[in-house]
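Structure assessment
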Amino acid sequence: MWMLLLLPFVGLLWVPFYNFVEPSLLGFPFFYWYQFAWVPITSLLIWLVYRSRTPDSDETR
Amino acid sequence: MTDHIAWVALAIFIFFFALVTVMGFVAARWKSGPVNEHLDEWGLGGRQFGTWITWFLVGGDFYTAYTVIAVPALVYAVGAYGFFALPYTIIVYPFVFAVMPLLWKKAHAAGHVTAADVVQGAYGSRSLELAVALTGIVATMPYIALQLIGMEVVIKAMGLSGELPIVAAFVILALYTYSSGLRAPALIAFVKDIMIYIVVLTAVVVVPTKLGGYAAVFAAANDAFTAKGGATGLTLKPGQYLPYATLALGSALAAFMYPHTLTGVFASKSADTIRKNAILLPAYTVLLGLIALLGYMAHAAHIKVASPNDVVPMLFKELFPEWFAGFAFSAIAIGALVPAAVMSIGAANLFTRNVWKSYVNPDISHAGEAAVAKITSLVVKVGALAFILFLPTQFALDLQLLGGLWIVQTLPALVFGLFTNWFRGGGLLLGWAVGIGWGTWTAWHNGLKPLASISLGDASYSFYVGFGALLLNIVVAVLATIVIGLMSPAKRGAAVGS
């Protein structure tokens, strides 16, 4: 599961993958909405890892 | 920019400034503890901040006022390249999630207050501790100065000239930070962040409707960049790929090495508080991305400015009624106070624990630590103010750039020890020195630009100096650790792995 944390690095640091204008969404060129989309995706990925890990012994969950 | 004073805006500005000033002083009694008796109280707010307070505090000091001014300014000037702030503030959170809870646990177990404390605890090396502490202090000073620049820009936009307003604002900030410690910015951060959210969300809805929608905004920016030419545009030029990616990665690795962000980490209640914040803090990144777009909106609104830093204030003055512009300027100015306070506290903690206690008075009491830190926070702020008043603004910007590449050189010393006890203090110190030395030398010779180039065969690659220096730092630290291990196989009895 911890490997999920590497996905944002791959998705955002490999620039040729998203350096386009089309397809645009709601007026936003691809370059922009693609990077914006990674914000909730990253939160979600971290949350998944958070759910799957063994809690600290002193944590109340 | 017009010279007449915008009275309505100014009145609103003064109202909010007065409000946060009262809050700053009252904060001493908030979640109260003996502020003057222990550095944990003054410098870390009692180590008790839960998920929401930490969210507001770290959001408030990581996404600074200067960001609100400078990111749109860069996007206005060069386009897509200025957007590296977005990937930077996304990939920082997986890093925070994986690393910072471990750091918190180590600091909490041993009562560490600063990064340099943690390093000293892990390697038992006074010189490495001092290196980390001095790097933190030196990197923070120009960062505080930048917050002043952010405040100066909006004060100027309201028609006030001269340096008196900024001096007055900073003296007030210094006094309530002195009396309340970290509780002051933590409480004010609530006001600051809510105001910034209101301003930005209003702006990104209202401005495009006035300008014909986002498609029109991007089209106007595209026209402006086509006319301007050079390395500008709505997408990156091929030569900008590597600079963009390395700036994002290098900045992300540097972000939580700064004393002010680490102070937010150490002040939180539990490791889980930090994990939850790694999930929740990206909300501010959406905000930052939207703020960056203000740079394009300025093109659509046909705003022409002498200095790109005036883009945001001009946009609000042009497109909004004066009272809302005043509200926005207040948000930005208060947005400068929170990070400036936390930065001065972080630097003061470093000085107290790792310079004063280590070299001047090892037997200092807890109350004595708090007293030294309080005085230091005043000195640090006066220093930052002097910076702005007596040195050219460009000097602060250049030093801030160098500060970023310096602070990331403390990463191996601070972070690697959380995962392995293989490294030796001496090796990490040598890596730090080589990283700082090469990075500074290279940036200096490139006219203080953040990029360096290397040639491999026929091709030349540009990349962020700080990132390159970090790689060099790590290689040197590994090699030096191997050499030291061969020379003296027995490890010194440092408290490794505790």
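The structure displayed is predicted, hence computed values, not measured ones. (Residues numbered from 1 in each chain as written. Chains lettered and ligands numbered in written order. Predicted model: local features only at pLDDT ≥ 70, side-chain atom pairs only at ≥ 80, totals over all residues.)

**A closer look at the overall build of chain A**
Quick note on the threshold: Helix and strand assignments come from DSSP, with helices taken as H or I runs of at least 4 residues and strands as E runs of at least 2, each series counted from the N terminus. Here the radius of gyration uses the C-alpha set of atoms, whereas the globule reference equals 2.2 Å times the residue count to the power 0.38. Neighbour counting defines burial: a residue surrounded by 20 or more other C-beta atoms within 10 Å of its own C-beta is buried, one with 12 or fewer is exposed, and intermediate counts give partly exposed, using backbone-placed C-beta atoms. Here contacts are defined at the residue level, using C-beta atoms placed from the backbone and a cut-off of 7 Å between them.
Of the regular secondary structure elements, chain A holds 2 helices and 0 strands. Relative to the 2.2 N^0.38 estimate, which gives 10 Å for 61 residues, the radius of gyration of chain A is 16 Å and therefore markedly larger than a compact globule would have. Its C-alpha atoms give chain A principal-axis dimensions of about 50 × 20 × 10 Å. Burial statistics for chain A: of 61 residues in total, 26% are counted as buried. Contacts in chain A between residues at least 24 apart in sequence constitute 52% of all its contacts with a sequence separation of at least 6.

**Quick look at the pairing of strand β2 (residues 459–464) of chain B**
Residues and elements named next belong to chain B. For clarity, the threshold we go by: Pairing between two strands requires that DSSP report at least two bridges joining them.
As defined by bridge partners, strand β1 (residues 451–456) adjoins β2 across 6 bridges and the pair is classed as antiparallel. Of the residues in β2, the one forming a bridge with leucine 451 is tyrosine 464. Hairpin geometry of β1 and β2 is characterised by an intervening segment of 2 residues between the two adjacent antiparallel strands and by a positive phi of about 65° at glycine 457.

**Describing helix α12 (residues 259–266) of chain B**
Turn by turn, an α-helix covers 3.6 residues, leaving residues three or four places apart pointing in a common direction. Counting buried positions along α12 of chain B yields 8 of 8 residues, so the element is predominantly enclosed. Looking at α12 of chain B, one finds that the buried residues are Pro259, His260, Thr261, Leu262, Thr263, Gly264, Val265 and Phe266 of chain B.

**Brief notes about the packing of helix α3 (residues 51–62) of chain B against α12 of chain B**
All names here are of chain B. Stated precisely, the cut-off is as follows: With axes taken as lines fitted to C-alpha atoms, and helix axes fitted only over the stretch in contact, angles between N-to-C directions fall between 0 and 180 degrees. Just so you know how the angles are binned, under 35 degrees is roughly parallel, over 145 roughly antiparallel, 65 to 115 roughly perpendicular, and the rest oblique.
In contact at an axis separation of 9 Å, α3 and α12 are set at 175° when each is read in the N-to-C sense. It follows that α3 is roughly antiparallel to α12 by the angle criterion. Within the contact between the two elements, α3 uses Thr54, Leu57, Val58, Asp61 and Phe62 and α12 uses His260, Thr261 and Gly264.

**Section: the packing of helix α7 (residues 126–157) of chain B against helix α17 (residues 366–390) of chain B**
Residues and elements named next belong to chain B. The cut-off we apply is this: Take the far helix as the reference: if the near one is turned anticlockwise from it by less than a right angle, the crossing is left-handed, and if turned clockwise, right-handed.
With their axes 8 Å apart at the nearest point, α7 and α17 run at an angle of 60° to one another. The orientation of α7 with respect to α17, classified from their angle, is oblique. Where α7 crosses over α17, the two elements pack in a sense that is right-handed. Contacts between α7 and α17 pair Met141, Ile144, Ala145, Leu148 and Ile149 from the former with Val380, Lys381, Gly383, Ala384, Leu385, Phe387 and Ile388 from the latter.

**What about the confidence of the model for chain B?**
All names here are of chain B. Here is the rule: pLDDT is defined as a per-residue confidence score from the predictor, taking values between 0 and 100.
Across chain B, the average pLDDT comes to 87, with 97% of residues at or above 70. The low-confidence segment residues 493–498, where pLDDT is below 50, has 8 contacts with residues more than four positions distant or belonging to other chains. Model confidence for the complex: the whole-complex pTM is 0.89, and ipTM, which rates the interface, is 0.92.

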